[in-house]
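Chain and residue survey
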Amino acid sequence: QVQLVESGGGLVQTGGSLRLSCVISGLTFSGYHMGWFRQAPGKEREFVALIGWSGGTTYYRDSVKGRFTISRDNANNTVYLQMNSLKPEDTAVYYCNTARYTNDLIRGRPEFGSWGQGTQVTVSS
């Protein structure tokens, strides 16, 4: 079974930075696209960013463009999300997941049905 473990969240002030990590096991990592998602209290989970299996393609939701950067290390089965210039509206639990096609990630439809526990990001005003 696929296992996803997110880490790196925390409490920061507006304008601060965090670097999230996600380690995935149970599949051939280099053959899948990876994405980050987030869920705020009382809201649906939403797409944040994705990176192609080779690392050559990235895509971000409009609200984080220019502030967040996604990257991956295939040798260590790890995907990262560098978050700069954080805002209170970025507060949420952040999750990672994978899919064979980029459109599936953008639409919140990961390849496998399971999700990790996520990592909490809280940005104070």
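Below is a short write-up of the structure. Per-chain numbering applies: the sequence of each chain, read as written, is numbered from 1 onward. Whole-chain, interface and lining totals are the exception, using all residues; otherwise, since this is a predicted model, local features are given only for residues with pLDDT of at least 70 and side-chain atom pairs are given and counted only at 80 or more. Side-chain numbers here rest on the full set of heavy atoms in the structure, without hydrogens or water.

Focus: the layout of surface pockets
Summary: where empty space remains is shown by rolling a probe the size of a single water molecule over the atoms. In this structure, the largest pocket spans a volume of roughly 160 Å³. Along the wall of the largest pocket there are 13 residues; nearest its centre are Arg38, Ala40, Lys43, Glu46 and Glu89. Put plainly, a pocket is an open set of points on a 1 Å grid over the protein atoms alone with protein on both sides within 12 Å along at least five of seven lines, a cavity is a set where a 1.4 Å probe fits but cannot get out, and a lining residue has an atom within 4 Å of a point. Grid points are joined across faces, edges and corners, and a volume is the space filled by probe spheres set on the points.

Points about the state of the cysteines
Two cysteine sulfurs form a disulfide in these notes if their separation is within 2.5 Å. Under the definition given, this model contains one disulfide. Two residues share a disulfide in this structure: Cys22 and Cys96, whose sulfurs sit 1.8 Å from each other. The S-S bond linking Cys22 to Cys96 shows a torsion near 55°; that makes this disulfide right-handed. A residue pair is termed long-range when its members are at least 10 positions apart, and Cys22 in strand S3 (residues 18-25) and Cys96 in strand S9 (residues 92-99) qualify at 74 residues. The rule is simple: take the accessible area with a 1.4 Å probe, protein chains only, and divide by the maximum for that residue type; under 20% is buried, over 50% is exposed, in between is partly exposed. Judged by its relative accessible area of 0%, Cys96 is buried. For helices the rule is a DSSP run of H or I covering at least 4 residues; for strands it is a run of E covering at least 2, with both sets numbered from the N terminus onward.

Side note on the sheet that holds strand S7 (residues 68-73)
Pairing between two strands is assigned when DSSP locates at least 2 bridges connecting them. The four strands are arranged S1-S3-S8-S7 in an open sheet whose pairing can be described as antiparallel. Among the strands making up the open sheet, the edge pair consists of strand S1 (3-7) and S7. Between one strand axis and the next, the sheet turns through 15° on average, direction left out of account. In terms of strand pairing, S3 meets strand S8 (residues 78-83) through six bridges, oriented antiparallel. Paired with Val23 across the strands is Thr78, a residue of S8. For every element, the axis is a line fit to its C-alpha atoms; helices are fit only across the contacting stretch, and the angle between N-to-C directions ranges from 0 to 180 degrees.

Looking at the packing of aromatic side chains
Pairing of aromatic rings covers Phe, Tyr and Trp, the last counted by its six-membered ring, and requires centre-to-centre distances within 6.5 Å; plane angles under 30 degrees mean stacked, over 60 mean edge-to-face, and any other angle means tilted. For the coordinates displayed, the defined rule picks out five aromatic pairs. Both rings, one in Tyr32 and one in Phe112, keep their centres 6.2 Å apart while their planes meet at 45°; by these two values the pair is tilted. Taken together, the residues span a long stretch of sequence, with Tyr32 in the loop between S3 and strand S4 (33-39) and Phe112 in the loop between helix H1 (102-106) and strand S10 (119-124) at a distance of 80 residues. Cluster of aromatic residues (ring-pair linked, three or more members): Phe37, Phe47, Tyr59, Tyr95 and Trp115. The residue whose ring lies beneath Arg45 is Trp115, and the NZ or CZ to ring-centre distance is 3.8 Å. In our convention, an over-ring charge means Lys NZ or Arg CZ found within 6 Å of a ring centre and within 35 degrees of that ring's normal. A cation over an aromatic ring shows up here: Arg100 above the ring of Tyr101, its NZ or CZ 5.6 Å from the ring centre.

A closer look at the nonpolar core
In summary, soluble globular proteins display a tendency toward joint burial of nonpolar side chains. Put simply, a nonpolar core is a bunch of buried Ala, Val, Leu, Ile, Met, Phe, Trp, Tyr and Cys residues held in one set by side-chain atoms that sit within 4.5 Å of each other. Among the nonpolar cores identified, the biggest contains 27 residues, and Trp36, Phe68, Leu81 and Tyr94 are the most heavily contacted of them. Only S3, S4, strand S5 (46-51), S7, S8, S9 and S10 provide two or more residues apiece to this core. Among the elements that make up this core, the one with the highest residue count is S3 (four residues). Here, residues are in contact when the closest pair of their heavy atoms is within 4.5 Å. Those residues in contact with Leu81 that lie beyond four places of it in its chain are Leu18, Arg19, Leu20, Trp36, Val48, Ala49, Phe68, Thr69, Ile70 and Tyr94. Counting five residues, the second largest nonpolar core, distinct from the first, contains Phe37, Phe47, Leu50 and Ala99.

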